[in-house]
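Residue-level structure breakdown
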Amino acid sequence: MSEYGVVIVSHVPEIAAGVARLIKEVAADVSVTTAGGTDEGGIGTSAMKIQSAFEANAGQELLAFYDLGSAKMNLELVQELTDKTVHLYDVALIEGCYTAAALLQAGTDLTAIEAQLAPLKIK
C-alpha cells in the first residue's frame, strides 16, 4: 500500500497527532504523517514541517488534509516543491482523513475515494 499516503496538517500539533492516532485504528498499513503547529510549537502551520511530513511519508502519491485556510496556503507552496504527487482536499479534516485512510486500507482506487470525499467538502 505504499503507493498512497495520508498527510494531516493542523494549526495545533495535538490535533494532527490525534487525528493520525484515530485513523491508524482503521488503516494500520497506510503511511500517515503529520505537520502540526509552527516551527516554534505555537498555533499555526509551517511549510518546513509540511515538507518534512511529505518526505517522511512512504507514499509516492499523498492525500493531504488540513484544518484551516492558511494551512492550505502552506500545503500549496510545498506541493510545488516536492517530487511526489499531492492531492489536496477541501473537506472536513477528521471525516476526510478517516474516510480516505479506511478506503486506502481496503484497497480502494483513488477515483472511488475521491467520490466518497466529495460530499465532505466544506471549504
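Above this note sits the structure.
In this text, all values refer to a predicted model and were calculated from it rather than measured experimentally. Every residue gets a number counted from 1 within its own chain, in the order that chain's sequence is written. Since the coordinates come from a predicted model, pLDDT governs what is reported: local features require at least 70, and pairs of side-chain atoms require 80 or more to be given and counted, while whole-chain, interface and lining totals use all residues. To obtain the side-chain values, all non-hydrogen atoms of the structure were included, while hydrogens and water were left out.

1. Quick word on the pattern of salt bridges
Any Lys or Arg side-chain nitrogen located within 4 Å of an Asp or Glu carboxyl oxygen qualifies as a salt bridge. All chains considered together, the criterion is met by two salt bridges. If you follow the salt bridges from partner to partner, you end up with Lys 72, Asp 90 and Lys 121 in one network.

2. Focus on helix 2 (residues 47-56)
Buried within helix 2 are the following residues: Ile 50, Gln 51, Ala 53 and Phe 54. The arc that holds every buried residue of helix 2, seen down its axis, measures 160 degrees, which confines them to one face. Seen from the open side of helix 2, the exposed residues pointing more than 90 degrees away from its buried face are Met 48, Glu 55 and Ala 56. Any two residues whose heavy atoms approach within 4.5 Å are treated as being in contact. Each helix is a run of H or I in the DSSP string that is no shorter than four residues. Each strand is a run of E no shorter than two, and both are numbered from the N terminus. Lining the buried residues of helix 2 we find strand 1 (4-10), strand 2 (31-36), strand 3 (61-66), helix 3 (69-79) and strand 4 (85-89). Under the rule applied, a polar contact is a pair of N or O atoms within 3.5 Å (in protein, one hydrogen donor and one hydrogen acceptor; residues adjacent in sequence only if both atoms are side-chain atoms). By the N-cap criterion, in which a side-chain oxygen at the helix start approaches the backbone nitrogen of a residue two or three places on, helix 2 is capped by Ser 46, the distance to Met 48 being 3.2 Å. Only protein chains enter the area calculation, which uses a 1.4 Å probe; residues under 20% of their type maximum are buried, those over 50% are exposed, and those in between are partly exposed. The directions from the helix axis to the C-beta atoms are what the arc is built from.

3. Regarding helix 1 (residues 13-24)
Take the residue count of a helix, subtract one, and multiply by 1.5 Å to get its expected span. The terminal C-alpha atoms of helix 1, which comprises twelve residues, lie 17 Å apart, in line with the 16 Å expected from a rise of 1.5 Å per residue. Taken residue by residue, helix 1 has Ala 16, Val 19, Ala 20 and Ile 23 as its buried positions. Summarising the axial view, the buried residues of helix 1 lie within an arc of 100 degrees, below the 170-degree limit, and thus occupy one face. The exposed residues of helix 1 that point more than 90 degrees off its buried face are Glu 14 and Arg 21.

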